Protein chains: 4
Amino acid sequence: MRKILIILLLIGVQTTIFAQNFNVVKEKDALRKLYRKEIRIPNIGDYTTLKCDFHMHTIFSDGSVWPTVRVQEAYYEGLDAIAITDHIENQPGKKYVEGDQNSAFEIAKPEAENLNLLLVKAGEITRGMPPGHLNALFVSDVAALETEKYMDAIKEANNQGAFVMWNHPGWQAMQPDTCKWWDIHEEIYKRGWLHGIEVYNWDEWYPVSFDWCINKNLSFIANSDIHIVASHRFNYEKYKRPMTLVFAKTRSLEDLKNAMFERRTVAFFANQLAGPENLLKQLFETSIEIKKPFKTEKGIVFFEISNPTDLTFILENGSPKNKSPKKIEIFPGSTVIVNCAVTNENITLPYTITNLHTGMGKNLSVEIQVGK
Amino acid sequence: MRKILIILLLIGVQTTIFAQNFNVVKEKDALRKLYRKEIRIPNIGDYTTLKCDFHMHTIFSDGSVWPTVRVQEAYYEGLDAIAITDHIENQPGKKYVEGDQNSAFEIAKPEAENLNLLLVKAGEITRGMPPGHLNALFVSDVAALETEKYMDAIKEANNQGAFVMWNHPGWQAMQPDTCKWWDIHEEIYKRGWLHGIEVYNWDEWYPVSFDWCINKNLSFIANSDIHIVASHRFNYEKYKRPMTLVFAKTRSLEDLKNAMFERRTVAFFANQLAGPENLLKQLFETSIEIKKPFKTEKGIVFFEISNPTDLTFILENGSPKNKSPKKIEIFPGSTVIVNCAVTNENITLPYTITNLHTGMGKNLSVEIQVGK
Amino acid sequence: MRKILIILLLIGVQTTIFAQNFNVVKEKDALRKLYRKEIRIPNIGDYTTLKCDFHMHTIFSDGSVWPTVRVQEAYYEGLDAIAITDHIENQPGKKYVEGDQNSAFEIAKPEAENLNLLLVKAGEITRGMPPGHLNALFVSDVAALETEKYMDAIKEANNQGAFVMWNHPGWQAMQPDTCKWWDIHEEIYKRGWLHGIEVYNWDEWYPVSFDWCINKNLSFIANSDIHIVASHRFNYEKYKRPMTLVFAKTRSLEDLKNAMFERRTVAFFANQLAGPENLLKQLFETSIEIKKPFKTEKGIVFFEISNPTDLTFILENGSPKNKSPKKIEIFPGSTVIVNCAVTNENITLPYTITNLHTGMGKNLSVEIQVGK
Amino acid sequence: MRKILIILLLIGVQTTIFAQNFNVVKEKDALRKLYRKEIRIPNIGDYTTLKCDFHMHTIFSDGSVWPTVRVQEAYYEGLDAIAITDHIENQPGKKYVEGDQNSAFEIAKPEAENLNLLLVKAGEITRGMPPGHLNALFVSDVAALETEKYMDAIKEANNQGAFVMWNHPGWQAMQPDTCKWWDIHEEIYKRGWLHGIEVYNWDEWYPVSFDWCINKNLSFIANSDIHIVASHRFNYEKYKRPMTLVFAKTRSLEDLKNAMFERRTVAFFANQLAGPENLLKQLFETSIEIKKPFKTEKGIVFFEISNPTDLTFILENGSPKNKSPKKIEIFPGSTVIVNCAVTNENITLPYTITNLHTGMGKNLSVEIQVGK
């Protein structure tokens, strides 16, 4: 020992001592760092943008995880609100699992409070087609929705003040080669008992349902419908989990609910957005920044478009103005350089954002104003 | 329509027709491809190398997933055998969860059969220190291990022909600033009731326990001890899940059990291996290929070492022979170029593999034979 | 200092001392580990499978890297042979760059010898269409190929014993809306001066050229044609660099050349293979292992198919036999479980491998033999 | 054809026609998307934060890429300014490479203008120790720095108005077992000819040099010193390229230069920052947001800290106040939950940010104010 000390004194550097421990050695990189990774989507106007998933299952129906896992997954992925929507009719259905349709919420609630997540009490009304599956969100007693007739379940949900949505309307297990709006749905809708459509579920979306949302003034909803572990289900290397963006006055359950009833929602899935034109337009304009030209050469002006968000925007124009590009891809957290021919009047470049859907086969149109 | 057809006929290329479907659009990259990714570790001698994890929990104790999830995780990660080891004493312990200590196995078994995985029936005897926690593997009735005295539980396990291992001996919750072998363990061991030591658990290993395995002829075991979702727990970007390599006559439960009783196991964790010298030596020699020199220049010979496995080998020598490198890092699936000075006699380069542990503070020594 | 020592003696663990160095601190993870990552593609029959890229540029034409970089990139990516093919006519073309068409090879050669890579001396005959661009491989003097008439250049290449290939025949810059075989190519071919076709280049392939290779007995070639840094050019997260697989007697320049003249080549690009039926069939059969059934239940047999290689095989059958799956995706380093109905006679499942091309619009047909 | 049309009309969906093209097929994911990925570091006060790398080489000295590659790499990585600093004395040094010490700048300049990057004209004065290597930035004629005596080179650089920095002072090739300030450096410094120190280079940093910067009022600089391809050199999976953060009035060469002379710089390397206390404090305070508590339970208050930047902050306190955590890791783009005991007076939690260096062995101290 002394020898070492002398050496240390000789080389004259400051020294610290540690004990090489033969009892226990910690592998510092063995465990994954578990923290909340935020999703970068801007607030629009006076509204806070909440990232939500309103469709998922646990062991209390045909899912394979304990309710707390759904809260943890949502937290790590940066979601703000979730609804656990176990199937109501065959609930709980698993051998060894007791409790009722309210149990999953009861178990998940404390975890949600610890992680500052909004947990929506909910259940999935699971019937054959018509009317198929419907989620009842913001209910007070899920068990009360277990009724013989589905109409009674939907009525009860509405009596409890629920936001009711039609799930995966074009799911081929239920509508093999079409995606039609049935008389039954018309009736539910007429009664004011239907408030949203799940335009995206799992890995599929239903273009025709975009028009339903627009024409009938229903909320655009995108959900995961996870049954197994989320990271087993989705290809996170390419996309985030499908989610619904809700534009709420504040980050609270009450304002979340109000915003949904007021149709301030956008479906976000596979780097695409679907929703009302005005909301998509605001999202695009709030997300990107068109910078002043940094270079002009031989009648061509060069400028940058920045996008600090996690959203992607694919701008296309078959016959672009001023020799601007036919396609401009604006990726998350990136800046892209665009050039076009200079003219006397103010330069305005019209584009269609082909990954932003405002209806069936319809995309958002925008104009890029090139500054001086 | 006709116009398009005419165009097609004019450009004279073969054509196919598809309908752009407004009912449903599938996002082909939205879901993760779920398949079994094999772990590349060679068989040695006449033995099949089985990758095993003998310590994990489900909702039937303090875990948060349904038993089938443990089977699925193991399948995706390329494991061959697992044991679900829920805590026996406070079992099942969760509100809404019924069943007994045999339920997790009963639920997981059919999934294991579907995925061709070996499922070991097991449980964790969970007591204070001493003796702390012990896993009983290959038991017939886990419930029977719920006894007042821990000695009775260990005895019952052995009566059932169990392989009994001492879990995380140096866990600081139980041995805060030491990792000692208690009289109790000596007694269990003397009676022939102890067969292995968990030298690695979660993110930590216990160097002193390497010597216990060597001196008392016990099996080296490394386990995950997962409670939450495996992919939430471990840093798979850097390491595989900790696991025990078992060298068995065939890939069957019976031969797995025999191999463990015959101590043919190696602990694999954080790109390190710990086990008996002869097994580590065989693993190294079977894993790498030393190629013939491809170049000789100015008395220096250049040759390649290939490693098609998923194992890593870090060779070091403070005063290397023939001017060979002080450090040779052989990464998974790679080939590394080594050079050294040529001499008349056959060239043999002695190295210590610093990430292969044969005891407390002891590493495997090898000799690299440079060919002609 | 003494206090620390006393503590250490008290806790009685072995200790080592190190000096915290204020002169220099090394960040151990700051630099990338640079080593050769092998590509797992099996040898077939008596042939060694060489992974080759025969088309790339350096600063000696319109590329942006020094020749040694091409060798390093190929080494890291696990290639066995490369050819630097700078444009011959406008060579060297860059201000401040001297030397001639042989300089790039001269500079790269020593690096190739150090990294045990086969370096093919070559150049790109760069003319308008017809005949477009042709690579001359295995030449002795690239400069001699700088001639006024392209026919003289091709002749000179052949006089030097070159393997001559037609590059990117369908490149739209040269054949905007077709990919035709010109009289000029017929003439070159008739004279025996053409030996291969680049059926894949950059990010595109030319189905019609598959038939040319088959019908005229020419070698299938896939190349990168990199000009900038390879890792800037290609999406390595999804695919390996496009390359040509050459099946040679040994890993030597001579046998590489012979194998190419003997047409033992397959194009490998974007997880697809294109080549002669017999070679693709051998590659498939050598790559996968069909395991014995591990389970039979209710007349359904379950078995595994393993693929330890880096190749992907997508098996499809619109109307599958014995209720086997319509699609079987066999990913690199994976094992997939397949099931089908049991019948009395031996079970043989016919499939088409849709990512293995044997001609224009033609794929390899195989039969899966289900064991007993 | 007609049949298909009829079918289409029957199922009544809109249809489009495309021709399966046998001339050319584009692989849409084959190429990497090349775009500028921004680095998220906030501006502080009235200053724009510029991300800079002032030390790199090209084929015009001992580097292996064409000058334009350095500009492209910097652009993709989100840098704002770079300096190409080829060695002056042995310039250009490569066979086949002509031109002089100004050539690299001349070649890179147009590319920098196209990509809106600030390109600093510079060179590396490369001498033995003392004084070792020094970079002269913002010079007008690099060739004029090729002098017999190094003092003349440094004088000439200053005559040209250069910002002169001492490179890798602790590089062990030059100061094997120390990192001392020589009389020569004292003289250069006394004459006002030295303005900054490269406290980080490649994979190493020099703690003692932090104090030199503080005590002698010199700029903290971190650079890559790349010679090969940047993505071959650095481990981008873990860290960004080492860089210097410069806080400038505007994003222009003039303001960049002024800011450096005014010492408004911070070294950023391996998720650590080194610089003057006031700048690090501002960076921290501008980067994070301490949210209002979202929960109080049993005298414990819970609140969130958000960090939308790409910076990492590791807060530690051996004996934390109010039972707050001993360690708080705030990762890029994340939110972390912190809790502590509630008391009557305002809660202030003192921490040291162990990855922010304000001197040799000194870290930034901060106080977390917990809101009401």
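Residues numbered from 1 in each chain as written. Chains lettered and ligands numbered in written order. Predicted model: local features only at pLDDT ≥ 70, side-chain atom pairs only at ≥ 80, totals over all residues. Heavy atoms only, no water.

### A few points about the overall build of chain A
- Scanning chain A from terminus to terminus reveals 9 helices and 22 strands.
- The principal-axis extent of the C-alpha atoms belonging to chain A is close to 90 × 75 × 35 Å.
- When the 372 residues of chain A are sorted by exposure, 60% land in the buried category.
- Within chain A, contacts between residues separated by at least 24 positions form 65% of all contacts whose residues are at least 6 apart in sequence.
- Surface summary for chain A: the accessible area is close to 14400 Å², and the carbon and sulfur share equals 51%.
- Of the charged side chains in chain A, 42 are positive and 45 negative; the average position of the first set lies 8 Å away from that of the second. (Helix = DSSP H or I, 4+ residues; strand = E, 2+ residues; numbered from the N terminus. Buried < 20%, exposed > 50% of the residue type's maximum accessible area, 1.4 Å probe, protein only. Contact = heavy atoms within 4.5 Å. Areas by Shrake-Rupley, 256 points an atom, 1.4 Å probe, with all protein chains shown as cover. Lys, Arg positive; Asp, Glu negative; His and termini not counted. Charge placed at Lys NZ, Arg CZ, Asp CG, Glu CD.)

### Quick word on unusual backbone geometry
- Between Met-129 of chain B and Pro-130 of chain B the backbone carries a cis peptide bond, its omega angle lying at -15°.
- Its location among the elements puts Pro-130 of chain B in the loop between strand S6 (118-126) and strand S7 (133-137).
- That bond from Pro-130 of chain B to Pro-131 of chain B is cis: its omega, 0°, falls within 30 degrees of zero.
- Mapped onto the secondary structure, Pro-131 of chain B falls in the loop between S6 and S7.
- The residue Lys-298 of chain C is not glycine, and still its phi comes out positive at about 50°.
- Inspection of the secondary structure puts Lys-298 of chain C in the loop between strand S16 (295-297) and strand S17 (300-307).

### Some words on the layout of surface pockets
- The volume enclosed by the second largest pocket comes to roughly 840 Å³.
- In terms of lining residues, the second largest pocket is bounded by 40 residues, among which Lys-291 and Ser-306 of chain B together with Glu-38, Lys-51 and Asp-80 of chain C are the most central.
- Contributions of two or more residues to the lining of the second largest pocket are made by strand S17 (300-307) and strand S20 (334-341) of chain B together with strand S4 (48-53), helix H3 (103-114) and helix H9 (277-287) of chain C.
- For the lining of the second largest pocket, the element with the highest residue contribution is S4 of chain C, accounting for 4 residues.
- Among the residues making up the lining of the second largest pocket, the classes are represented as 13 nonpolar, 13 polar and 14 charged. (1 Å grid on protein atoms, 1.4 Å probe; cavity = no way out; pocket = protein on both sides within 12 Å on 5 of 7 lines; lining within 4 Å. Points joined across faces, edges and corners; volume = space filled by probe spheres on them. Nonpolar A, V, L, I, M, F, W, Y, C, P; charged D, E, K, R; others polar.)

### Things to note about the relation of the copies chain B and chain A
- When chain B is fitted to chain A, the best match, at an RMSD of 0.0 Å, comes from turning it 180° and sliding it 0.0 Å along the axis. The superposition operator between the copies reduces to a two-fold rotation axis.
- A share of 100% of interface residues in chain B that are also interface residues in chain A marks the association as one of identical surfaces. (Least-squares fit on C-alpha atoms with pLDDT ≥ 70 in both.)

### A word on helix H5 (residues 183-190) of chain B
Residues and elements named next belong to chain B.
- For H5, every residue scored as buried is listed here: Ile-184, His-185 and Ile-188. For H5, the arc enclosing every buried residue in end-on projection is 95°, short of the 170-degree limit, so these residues lie on one face. Set apart from the buried face of H5 by more than 90 degrees, the exposed residues are Asp-183 and Lys-190.
- On its buried face, H5 is in contact with helix H4 (150-159) and strand S8 (163-166).
- Just downstream of H5, Gly-192 is the residue with a positive phi angle, here 75°. (Arc of directions from axis to C-beta.)

### Focus on empty space enclosed by the protein
Residue and element names in this part refer to chain A.
- As enumerated under the stated definition, the model contains 8 cavities of 30 Å³ or more in all.
- Of the volumes computed, that of the largest cavity is approximately 80 Å³.
- Residue lining of the largest cavity: Ile-84, Asp-86, Gln-91, Gln-101, Ala-104, Phe-105, Leu-119, Val-120, Lys-121, Ala-122 and Val-142, and that is the complete set.
- Broken down by secondary-structure element, the contributors of at least two residues to the lining of the largest cavity are helix H3 (103-114) and strand S6 (118-126).

### Re the domain arrangement of chain A
All names here are of chain A.
- Each assigned domain of chain A is listed with its residue range as follows: domain 1 (48-275) and domain 2 (283-371).
- Measuring from the centre of the C-alpha atoms in domain 1 to the corresponding centre in domain 2 gives 35 Å.
- Contact between domain 1 and domain 2 buries roughly 1100 Å² in total, counting both sides, with carbon and sulfur atoms accounting for 64%.
- Where domain 1 packs against domain 2, one counts 0 salt bridges.
- For the interface between domain 1 and domain 2, the tally reads 6 residue pairs in polar contact (both at pLDDT 80 or more).
- Within the residue set of the side of domain 1 that touches domain 2, elements represented by two or more residues are helix H6 (207-216), strand S12 (243-248), strand S13 (265-269) and strand S14 (272-274).
- Among the elements that make up the side of domain 1 that touches domain 2, the one with the highest residue count is H6 (5 residues).
- Residues belonging to the side of domain 1 that touches domain 2 are distributed by class as follows: 12 nonpolar, 3 polar and 2 charged. (Domains from an automatic or database assignment. Buried area = accessible area lost by both parts, 1.4 Å probe. Salt bridge = Lys/Arg side-chain N within 4 Å of Asp/Glu carboxyl O. Polar contact = N/O pair within 3.5 Å; in protein donor to acceptor, adjacent residues only side chain to side chain.)

### Observations concerning the interface of chain B and chain A
- With 56 residues of chain B in contact, the opposing surface of chain A contributes 56 residues.
- For the pair chain B and chain A, the summed buried surface comes to about 5000 Å²; carbon and sulfur atoms form 58% of the total.
- For chain B, the biggest contributors to the area lost against chain A are Glu-27, Tyr-96 and His-232 of chain B; these three give 16% of the whole.
- Here chain B is connected to chain A by 8 salt bridges.
- A salt bridge links Asp-29 of chain B to Lys-238 of chain A; the nearest nitrogen and oxygen atoms lie 2.7 Å apart.
- Scanning the region where chain B abuts chain A turns up 35 residue pairs in polar contact (both at pLDDT 80 or more).
- Listed by contribution, the elements that provide at least two residues to the side of chain B that touches chain A are strand S2 (25-26), helix H2 (67-76), helix H3 (103-114), strand S10 (204-205), helix H6 (207-216) and helix H7 (230-233) of chain B.
- Top element by residues in the side of chain B that touches chain A is H2 of chain B. It accounts for 4 residues.
- Along the lines of polarity and charge, the residues of the side of chain B that touches chain A split into 28 nonpolar, 14 polar and 14 charged.

### Focus: the environment of Pro-42 of chain B
All names here are of chain B.
- Tracing the backbone through its elements, the reader meets Pro-42 in the loop between strand S3 (36-37) and strand S4 (48-53).
- With 266 residues separating them along the chain, Pro-42 and Pro-308 place their C-alpha atoms 9.2 Å apart.
- Once you skip the residues sitting within four places of it in the chain, Pro-42 turns out to touch Thr-49, Leu-283, Thr-286, Ser-287 and Thr-309.

### Examining the side chain of Asn-167 of chain B
Residues and elements named next belong to chain B.
- Within the secondary structure, Asn-167 is located in the loop between S8 and H5.
- On the accessibility criterion, Asn-167 (1% relative accessible area) is buried.
- Within the structure, Asn-167 has its side chain in polar contact with the side chain of Glu-124 (distance 2.9 Å).
- A polar contact of 2.9 Å, which involves the side chain of Asn-167, links it to the side chain of Asn-135.

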